[in-house]
Amino acid sequence: LFLAVCAVGIGGTFQYGYNVSIINAPTQHIHKFLNETWSSRYHKELNPDLLTFLWSVIASIFSLGGLCGALIGGSMAIWLGRKGALLMNNVIAILASILMGISVPTGLFELLIAGRFLIGINSGIGFCVQPLYIGEFAPKHLRGGLAMGTSIFLTGGILTGQVIGLRQETLFFPPLLGGEKHLPLLLSSSCIPAFAQLLFLPWFPESPRYLLIDRGDELSCAKALKRFHGSSEYRREMEDIQRECFALDGEKPKKPWQLFTDRGVRWQLITVIVMTMGQQLSGINAIYFYATYVFEEAGILAEKIPYVTLGTGVCECLTALSCGLLIDHVGRRCLIIGGYVLMTLWCTVLTFSLTYQELYSWVPYMSMTCVFAFILSFGLGPGGITNTLTAELFVQSSRPAAHMIAGTVSWISFFTIGMLFPFIVNGLKQYCFVVFLLECFFVAAFIFLIIPETKNKSFLEIKKEFHKLNFGKNA
């Protein structure tokens, strides 16, 4: 099971995290490439405003690709199977890597834009299909920990991108691909996880639930369960899948728009939308935006700040791993509510510490502590649990459509906060964290009042928990 999660994750959410972070390191080199390309092509200097626009397109086209990937990811998982969709997705990643890699030698920045769009599609599909696949082959007593592979590989991708993009040698890491001469290799490095998944994932079977419920292939389902759970343990899971198959009574996979009119999944859908928006709008982007300023005020040299920022990536990775170890013991509710409550606390403290930053010499250090504490709280709660719960709240016929909706909401929220965040910060300054602390508090209250504990429960048992909410207590 552990090896299966690794084979799925390396070409899934690892690509998402890696391509979010890898574009930040070569910003100066890409600016130079754009200037030189424009000068050689049109024999005049590139206007600074146009340069900013082109850079914004290169950075943000990834989000548009991710949205497109989320919209088709669920359908691919139905047509090709969960495993088949992930394997086909690597073709997109390899094509994207080729386009980005040859953009610099050929002097065509349009290829870089096209490559970023394609790798966004790849990330959107992976972010949709990976938790779907893992949630369906994991036994219920380990489902939370294995589903955390989604967040572990995402944060691992972010950290790997930060390390590979280093331009100077550090105590632990040598400079890898951060230099200007390595820019084509850096841009095309996304093909490595894709080739790794193409090499390892074919050794693992298709999702057992997909094989039995969607395809009606009981023999292949039994073989897959034996591979995943062993010959002695697979019968219990087989019985659970058969019960779900019987309850669905041949119901076909639903389309996303059908979920909005289905009263039986009303509160599950509302929950997923609230949690997904809450995760993206929680203030984690504001924390990273203010991190540089906070570190400068704490006396850290400007050239050393990228390496301190690397510590935030390590923090995210460690908390994702910790959450994976705790989730099946502590439960989902405790971790996600606790995470949001702690984030509310740190937003409050950070608002005060940034306001009175120059009053006492120790206040900047409190601000720096809050930055790391917020990241730890996010990783232990919303960062990890949200995707796990999305996979658990729906039965087989609704699950792909639910992941498409969750992915779409996630990418739209990601794009929206990216567009609005500079205006929020310019208008409210450090008081922007008041907005985020209110958002964290209300999401925590919603989860406390609405979401039942899903630990060690089958998908049908979770569906019954929501039945009273959807149809009333007397139903």
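What counts, and at which threshold
For every chain, the first residue of the written sequence is number 1, and numbering continues from 1 onward in sequence order. Totals for whole chains, interfaces and linings use every residue, but because this is a predicted model, local features are given only for residues with pLDDT of at least 70 and side-chain atom pairs only at 80 or more, for both listing and counting. Only heavy atoms go into the side-chain values, all of them from the structure, while hydrogens and water stay out. Put simply, DSSP H or I for four residues or longer makes a helix, DSSP E for two residues or longer makes a strand, and each gets a number counted from the N terminus. Throughout, the radius of gyration refers to the C-alpha atoms, and the reference size of a globule is 2.2 Å times the residue count to the power 0.38. Only protein chains enter the calculation, and the probe is 1.4 Å; a residue is then buried if its accessible area is under 20% of its type maximum, exposed if over 50%, and partly exposed in between. We call two residues contacting when some pair of their heavy atoms lies within 4.5 Å. Surface exposure here means Shrake-Rupley accessible area, sampled with a 1.4 Å probe, where a residue is shielded only by the protein chains that are shown. For the domains described, the bounds stem from an automatic or database domain assignment. Two parts placed together each lose some accessible area under a 1.4 Å probe, and adding up what both lose gives the buried area. Just to be clear on terms, a salt bridge is a Lys or Arg side-chain nitrogen sitting within 4 Å of an Asp or Glu carboxyl oxygen. Between N or O atoms, a polar contact is any pair within 3.5 Å; within protein, one atom must be a potential hydrogen donor and the other a potential acceptor, and residues adjacent in sequence are included only when both atoms are from side chains. Patch members must show over 30% relative accessible area and no salt bridge, and they are joined within 9 Å when carrying like charges or within 5 Å when they are nonpolar side chains of Val, Leu, Ile, Met, Phe, Trp or Tyr. Only centres within 6.5 Å qualify two rings of Phe, Tyr or Trp (six-membered ring in Trp) as a pair; their planes then separate them into stacked at under 30 degrees, edge-to-face at over 60, and tilted for everything else. Angles shown run from 0 to 180 degrees and are taken between the N-to-C directions of axes, each axis being a line fitted to C-alpha atoms and, for helices, limited to the stretch in contact. An angle below 35 degrees is read as roughly parallel, one above 145 as roughly antiparallel, one from 65 to 115 as roughly perpendicular, and any other as oblique. Note on convention: the crossing is left-handed when the near helix lies turned anticlockwise from the far helix by less than a right angle, right-handed when the turn is clockwise. Amino acid classes used here: Ala, Val, Leu, Ile, Met, Phe, Trp, Tyr, Cys and Pro are nonpolar; Asp, Glu, Lys and Arg are charged; the rest, including Gly, are polar. Nonpolar cores are built from buried Ala, Val, Leu, Ile, Met, Phe, Trp, Tyr and Cys residues. Side-chain atoms within 4.5 Å join them into one set.

## Focus on the overall build of the chain
Along the chain, the regular secondary structure elements total 23 helices and zero strands. Here the C-alpha radius of gyration of the chain, 23 Å, is about what a compact globule of 475 residues would show, namely 23 Å. For the chain, the spread of C-alpha atoms along the three principal axes comes to 65 × 55 × 40 Å. Looking at the chain as a whole, 56% of its 475 residues are labelled buried. Put simply, of all contacts in the chain between residues at least 6 apart along the chain, 82% involve residues at least 24 apart. For the chain, the computed accessible surface area is about 20600 Å², with 68% contributed by carbon and sulfur atoms.

## Overview of the domain arrangement of the chain
Here the chain is partitioned into domain 1 (1-204) and domain 2 (251-474). Listed as interface residues are 41 residues of domain 1 and, on the opposing side, 42 residues of domain 2. The junction of domain 1 with domain 2 conceals about 3500 Å² of combined surface from both sides, 67% of it contributed by carbon and sulfur atoms. Counting across the domain 1 and domain 2 interface gives two salt bridges.

## Considering the pattern of salt bridges
Enumeration over the complete set of coordinates arrives at 13 salt bridges. Between Arg243 and Asp240 there is a salt bridge, and its shortest N-O distance comes to 3.8 Å. Of this pair, Arg243 and Asp240 are both found in helix α13 (residues 234-248), three residues apart, which corresponds to roughly one turn of the helix. Look at the salt bridges and you will find they share partners, linking Arg82, Glu136, Arg209, Asp240, Arg243, Glu244 and Arg399 into a network.

## Some points on the side chain of Thr408
Topologically, Thr408 is positioned in helix α21 (residues 399-428). Under the relative-accessibility criterion, Thr408 is labelled buried at 16%. Separated by 2.7 Å, the side chain of Thr408 and the backbone oxygen of Met404 make a polar contact. Excluding its chain neighbours within four sequence positions, the residues that come into contact with Thr408 are Leu67, Ala70 and Leu71.

## Digging into a nonpolar patch on the surface
A cluster of nonpolar side chains, Phe352, Tyr356, Leu359, Tyr360, Trp362, Tyr365 and Met366, forms an exposed patch at the surface whose accessible area comes to about 800 Å². By the element assignment, Tyr356 lies in the loop between α18 (332-355) and α19 (363-380). Under the relative-accessibility criterion, Tyr356 is labelled partly exposed at 44%.

## A few points about the packing of aromatic side chains
Working definition: an aromatic ring pair is given by the centre-to-centre distance plus the angle between the planes. Under the counting rule described, the total for this entry stands at 14 aromatic pairs. Each ring, one from Tyr16 and one from Phe62, has its centre 6.3 Å from the other, and the planes form 25 degrees; the classification is stacked. Placement of Tyr16 in helix α2 (residues 13-22) and of Phe62 in helix α4 (residues 48-79) is noted, with a sequence separation of 46 residues between them. Residue Tyr16 is classed as buried on the basis of its relative accessible area of 7%.

## Some remarks on the packing of helix α5 (residues 82-106) against helix α6 (residues 109-137)
Axes are the key here: two packed helices are described by the angle between their axes and the distance separating the axes. Here α5 crosses α6 at 160 degrees, and the two axes come no closer than 8 Å. If you check the angle between α5 and α6, you find them roughly antiparallel. α6 is crossed by α5, and the crossing has left-handed handedness. Residue composition of the contact of α5 with α6, by class: 19 nonpolar, eight polar and four charged.

## Overview of the nonpolar core
Counting 58 residues, the largest nonpolar core has Ile30, Leu34, Ile58, Phe109, Tyr133, Phe137 and Leu201 as its most contacted members. At the level of secondary structure, the elements contributing two or more residues to this core comprise α1 (2-10), α2, α3 (27-42), α4, α5, α6, α8 (149-164) and α9 (183-188). By residue number, the principal contributor to this core is α6, which donates 13 residues. The contact partners of Leu34, leaving out residues within four places of it in the chain, are Leu46, Leu51, Leu54, Trp55, Ile58 and Phe109. Judged by nonpolar contacts, the second largest core, of 42 residues, contains Ala291, Phe295, Ile337 and Cys370.

## Description of helix α20 (residues 382-392)
Extensive coverage of α20 is indicated by the burial of 11 of its 11 residues. Three or more residues of α20 are buried, namely Pro382, Gly383, Gly384, Ile385, Thr386, Asn387, Thr388, Leu389, Thr390, Ala391 and Glu392.

## Digging into unusual backbone geometry
In the Ramachandran plot, His43 falls in the positive-phi region, its phi being about 60 degrees despite a non-glycine side chain. Topologically, His43 is positioned in the loop between α3 and α4.

## A short note on the environment of Gly156
Tracing the chain through its elements places Gly156 in helix α8. For Gly156, a relative accessible area of 15% puts it in the buried group. Here the alpha-carbon distance between Gly156 and Lys254, two residues 98 residues apart in the chain, equals 33 Å. For Gly156, the residues in contact, after removing those within four places along its chain, are Phe14 and Cys317.

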